[in-house]
Amino acid sequence: MAYRFARTFSAMVLAMVLAAPALAKPFIYTNARFGTSVTFPHEIFVSKDEPPENGDGMTFLAADGASLAIYGSNNALEQTPRQLADMSSEGVEVTYRKLGKDWIVLSGHDGNDIFYHRLEFGRGGVIHAFLLKYPVSSKAKYDPLVSAIAESLNGP
């Protein structure tokens, strides 16, 4: 009986390993100006936009039209999370909004794209953020990535 269980269990594990999609190689981008960093699959975001002259971040692009903007900024207006969430919601359809003492999550639709925007208030009046946008048609591809990317957002 134990042998049959072990053989069946081994076969199940092997089947799960063979059926699992290849994991994308993670890449960590860290912004030199603000120290904002995010980890994401480099195989998906294969190119990048021209960096802004002020050095506040970088936007990575996927072949299917998705984009991942990672940036930092100074909270020059000394906005609260609620004020910043209100401002960041302008011009888009927000379907999910969650605020904490020092963070914001907004998600919804921007035209034909789905977006996920996370902002965290760091030390020294710095806001660390990323904005992931992807076509509605690619929802099944990107939805599973959102949590891992969001959890990786970091900065001093």
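Quick caveat: nothing in here was measured; it's all calculated off a predicted structure.

**Q** Give a description of the overall build of the chain that names residues and reports values.
**A** When you go through the chain residue by residue, the secondary structure sums to 3 helices and 9 strands. Taken across its 156 residues, the chain has 37% of its residues classed as buried. When contacts within the chain are restricted to residue pairs at least 6 apart in sequence, those whose partners lie at least 24 apart make up 39%. Of the roughly 9,700 Å² of accessible surface on the chain, a fraction of 58% belongs to carbon and sulfur atoms.

**Q** Explain the confidence of the model for the chain to me, and be specific about the residues and the numbers.
**A** Counting all residues, the mean pLDDT for the chain is 88, and 85% of those residues have values of 70 or more. The low-confidence segment residues 1-22, where pLDDT is below 50, has 0 contacts with residues more than four positions distant or belonging to other chains.

**Q** Provide a residue-level description of the environment of His 117, including the pertinent values.
**A** Structurally, His 117 is set in strand 8 (residues 113-121). For the pair His 117 and Leu 68, spaced 49 residues apart in sequence, the C-alpha separation works out to 9.8 Å. In this structure the side chain of His 117 is engaged in a polar contact, spanning 2.7 Å, whose partner is the side chain of Tyr 71.

**Q** Account for the nonpolar core, with residues named and values stated.
**A** Counting residues in each nonpolar core, the largest one holds 23 residues, and the members touching the most others are Phe 40, Phe 45, Leu 68, Ile 70, Phe 130 and Tyr 142. Elements that contribute at least two residues to this core include exactly strand 2 (37-41), strand 4 (57-62), strand 5 (67-74), strand 8, strand 9 (126-135) and helix 3 (139-152). No other element matches the 5 residues that helix 3 contributes to this core. Setting aside anything within four residues of it in sequence, one finds Phe 45 in contact with Phe 40, Phe 60, Leu 61, Ala 62, Ala 66, Ser 67, Leu 68, Leu 132 and Tyr 142. By size, the runner-up hydrophobic cluster in this structure holds 9 residues, among which are Ala 85, Phe 115, Phe 121 and Ile 127.

**Q** Report on the pattern of salt bridges, specifying residues and quantitative values.
**A** Using the criterion set out here, one finds 5 salt bridges in the structure. Residue Lys 133 is joined to Asp 110 by a salt bridge in which the shortest nitrogen-to-oxygen separation is 2.6 Å. One end of the pair, Lys 133, is in strand 9; the other, Asp 110, is in strand 7 (residues 103-110), and 23 residues separate them in sequence. Between Glu 120 and Arg 118 there is a salt bridge, with the nearest N and O atoms lying 2.8 Å from each other. As far as the burial class goes, Glu 120 and Arg 118 line up, both buried.

About the thresholds
- Residues numbered from 1 in each chain as written.
- Predicted model: local features only at pLDDT ≥ 70, side-chain atom pairs only at ≥ 80, totals over all residues.
- Heavy atoms only, no water.
- Helix = DSSP H or I, 4+ residues; strand = E, 2+ residues; numbered from the N terminus.
- Buried < 20%, exposed > 50% of the residue type's maximum accessible area, 1.4 Å probe, protein only.
- Contact = heavy atoms within 4.5 Å.
- Areas by Shrake-Rupley, 256 points an atom, 1.4 Å probe, with all protein chains shown as cover.
- pLDDT = per-residue confidence, 0-100.
- Polar contact = N/O pair within 3.5 Å; in protein donor to acceptor, adjacent residues only side chain to side chain.
- Core = buried A, V, L, I, M, F, W, Y, C linked by side-chain atoms within 4.5 Å.
- Salt bridge = Lys/Arg side-chain N within 4 Å of Asp/Glu carboxyl O.

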